[in-house]
Amino acid sequence: MPAFKKIVVTGAAGFVGSHVAETIVEMYPDSQIVLFDKMTYASHSDNVIHLLRDKRVEFQLADLCDPDSCIKAVNGADLVVHLAAESHVDNSFGNSLLFTRSNVLGTHTLAEAARSHNVGLFVHVSTDEVYGQILEGDVDETAKLNPTNPYSASKAAAEMVLNGYQKSYGMPIIMVRANNIFGIRQFPEKILPTFIMRMLHGMKLQIHGSGKNCRRYLAATDFAAGVLKIIEKGTIGEAYNIGSDEEFTNSEVANMICGLFDRDPGEWVTYVDDRPFNDFRYAISYDKVKALGWARKVNVADRLPQMITWYSENQDRYPHFTRLANGGR
C-alpha cells in the first residue's frame with residue numbers, strides 16, 4: 001500500500017464522501033487527513049464526527065470555489081480524493097448554474113491548487129451518467145461522454161477541465177465513474193432513502209413517468225473499497241468504472257420497499273409526471289477495476305433492512321419529511 005503523508009478528502013461530510021473518508025482513515029493510520037466540506041443541505045456533521053476523535057484528522061469548513069481554502073487544504077498533501085459535488089439530477093433542472101459553479105468551477109479551483117502544490121495523486125470521482133443513457137449492453141471507460149442533463153453535463157465538464165490539466169501540465173489524475181450508490185447516510189432525495197422515509201411517514205411512493213427506467217446499484221462500502229483499490233493500484237491518466245450488475249426498474253425498487261414494510265404496492269405506489277429528460281438506463285462494465293483485485297460484496301436486498309433500521313433511528317435528521325407527512329406544517 002502506498003504511503004501518504006497528507007490526504008485531502010473533499011465532500012467528506014456527505015453520503016459517499018463519509019464512506020470513503022472512513023475507509024481512508026482506517027487504512028492509512030500514519031497519514032494526516034483533512035476532511036473538506038462546505039456543509040450544504042446533503043452533508044451532516046454526524047457523518048464524520050466520529051472520525052474527528054482521531055488526532056490525525058481535521059475538518060475544514062470551506063467552499064471549493066475559494067482558492068485560498070483549496071490552497072490551505074492541499075498544502076503539503078500528496079493525495080487528494082475529490083468527491084464534493086452537487087449531485088441531484090432533479091435539482092439540476094431548476095438550478096443548473098449552481099451545478100456548474102460547484103462541479104466545474106469548484107473542481108477547477110481545487111485542481112489549480114493541487115497543481116501549484118505538486119500533489120502526487122488527484123483522484124476525481126465522477127459518475128456513470130457522463131456516458132448518457134445506455135439502452136442495451138454496457139460501456140467501458142473508452143466510451144464517448146454524452147451527458148443528457150445539467151448535472152451530468154457539469155460532471156463531464158469537470159472531467160474535461162482535468163483532462164486539460166493532465167495533458168498540459170502532466171498532472172497525476174485518475175478518474176472514477178460509478179453506478180448509483182446506496183447505503184446509510186444518503187440524503188433522502190435519491191430513490192432508496194426517499195422511499196424508505198416516505199414509508200416510515202406513511203406516505204405513498206411517487207415514481208416519475210412509467211417506472212420502467214432502470215438503474216444499477218452499488219453499495220457505498222463497495223464503492224469506497226474500489227476507490228481504495230484504485231489509489232493503491234490504479235494507473236495515472238486512466239479512468240476506472242466501479243459498477244454493479246444489480247439492475248432494477250424504479251417500479252421494482254418500489255415493490256421491494258413496499259414488501260419490506262408489508263404494504264401493497266397497488267395501494268402505496270403512485271406515478272407522477274416525468275422529469276424534463278429522464279435517462280432510461282445507465283450500464284457500465286467494470287473489468288478494469290476488477291483486474292486490480294476489486295469485487296462487489298453487498299447486494300441491495302441484503303442491505304435494505306439495515307438501511308430501514310438506520311433511517312428509522314435517524315428520522316430527526318430529515319425534518320422536512322415530518323412536515324410533508326403533516327401536510328407541510
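Structural notes, computed from the coordinates. (Residues numbered from 1 in each chain as written. Predicted model: local features only at pLDDT ≥ 70, side-chain atom pairs only at ≥ 80, totals over all residues. Heavy atoms only, no water.)

Let us now look at the packing of aromatic side chains. What the rule picks out here adds up to ten aromatic pairs. Taking 5.8 Å as the distance between ring centres and 80° as the angle between the ring planes, the aromatic pair formed by tyrosine 286 and tryptophan 294 counts as edge-to-face. Residue classification places tyrosine 286 among the buried positions, given a relative accessible area of 8%. Its relative accessible area of 5% is what places tryptophan 294 among the buried residues. Three or more aromatic residues joined by ring pairs form one cluster here, namely Tyr41, Phe187, Trp310, Tyr311 and Tyr318. The ring of tryptophan 268 carries the charged tip of arginine 263 above its face, separated from the ring centre by 4.4 Å. (Phe/Tyr/Trp six-rings, centres within 6.5 Å; stacked < 30°, edge-to-face > 60°. Buried < 20%, exposed > 50% of the residue type's maximum accessible area, 1.4 Å probe, protein only. Lys NZ or Arg CZ within 6 Å of the ring centre and 35° of its normal.)

Attention now goes to the nonpolar core. Val20, Ile24, Leu35, Phe223, Ile231 and Ile242 are the most contacted members of the largest nonpolar core, which has 41 residues in total. Looking at this core, the elements with two or more residues in it are strand E1 (6-10), helix H1 (15-27), strand E2 (32-37), strand E4 (79-82), strand E5 (122-125), strand E6 (173-178), helix H7 (220-233) and strand E10 (239-242). The element that contributes the greatest number of residues to this core is H7, accounting for seven residues. Valine 20 has contacts with Val81, Leu83, Phe223, Ala224 and Val227, leaving out every residue within four places of it along the chain. Counting 30 residues, the second largest nonpolar core, distinct from the first, contains Phe187, Leu192, Ala254 and Val300. (Core = buried A, V, L, I, M, F, W, Y, C linked by side-chain atoms within 4.5 Å. Helix = DSSP H or I, 4+ residues; strand = E, 2+ residues; numbered from the N terminus. Contact = heavy atoms within 4.5 Å.)

With 13 residues, H1 ought to run about 18 Å at 1.5 Å a step, and its terminal C-alpha atoms sit 19 Å apart, in line with that. When you tally the buried positions in H1, you get ten out of 13 residues, the bulk of the element. Of the surrounding secondary structure, the elements contacted by the buried residues of H1 are E1, E2, strand E3 (57-61), E4, strand E7 (180-182) and H7. (Expected span 1.5 Å × (residues − 1).)

In this section: the pattern of salt bridges. A full pass over the atoms with the stated rule returns eleven salt bridges. Close ionic contact of glutamate 247 with arginine 216 constitutes a salt bridge, the shortest N to O distance being 2.8 Å. Of this pair, glutamate 247 sits in strand E11 (residues 247-249) while arginine 216 sits in strand E9 (residues 214-219), placing them 31 residues apart in sequence. By relative accessible area, glutamate 247 is classed as partly exposed at 27%. The salt bridge partner of arginine 296 is glutamate 246, with a shortest N-O separation of 3.7 Å. You can see arginine 296 sitting in the loop between helix H10 (287-291) and helix H11 (300-313) and its partner glutamate 246 sitting in the loop between E10 and E11, a full 50 residues away along the chain. For glutamate 246, a relative accessible area of 15% puts it in the buried group. Sharing partners across several salt bridges, the network here consists of Lys38, Asp63 and Arg101. (Salt bridge = Lys/Arg side-chain N within 4 Å of Asp/Glu carboxyl O.)

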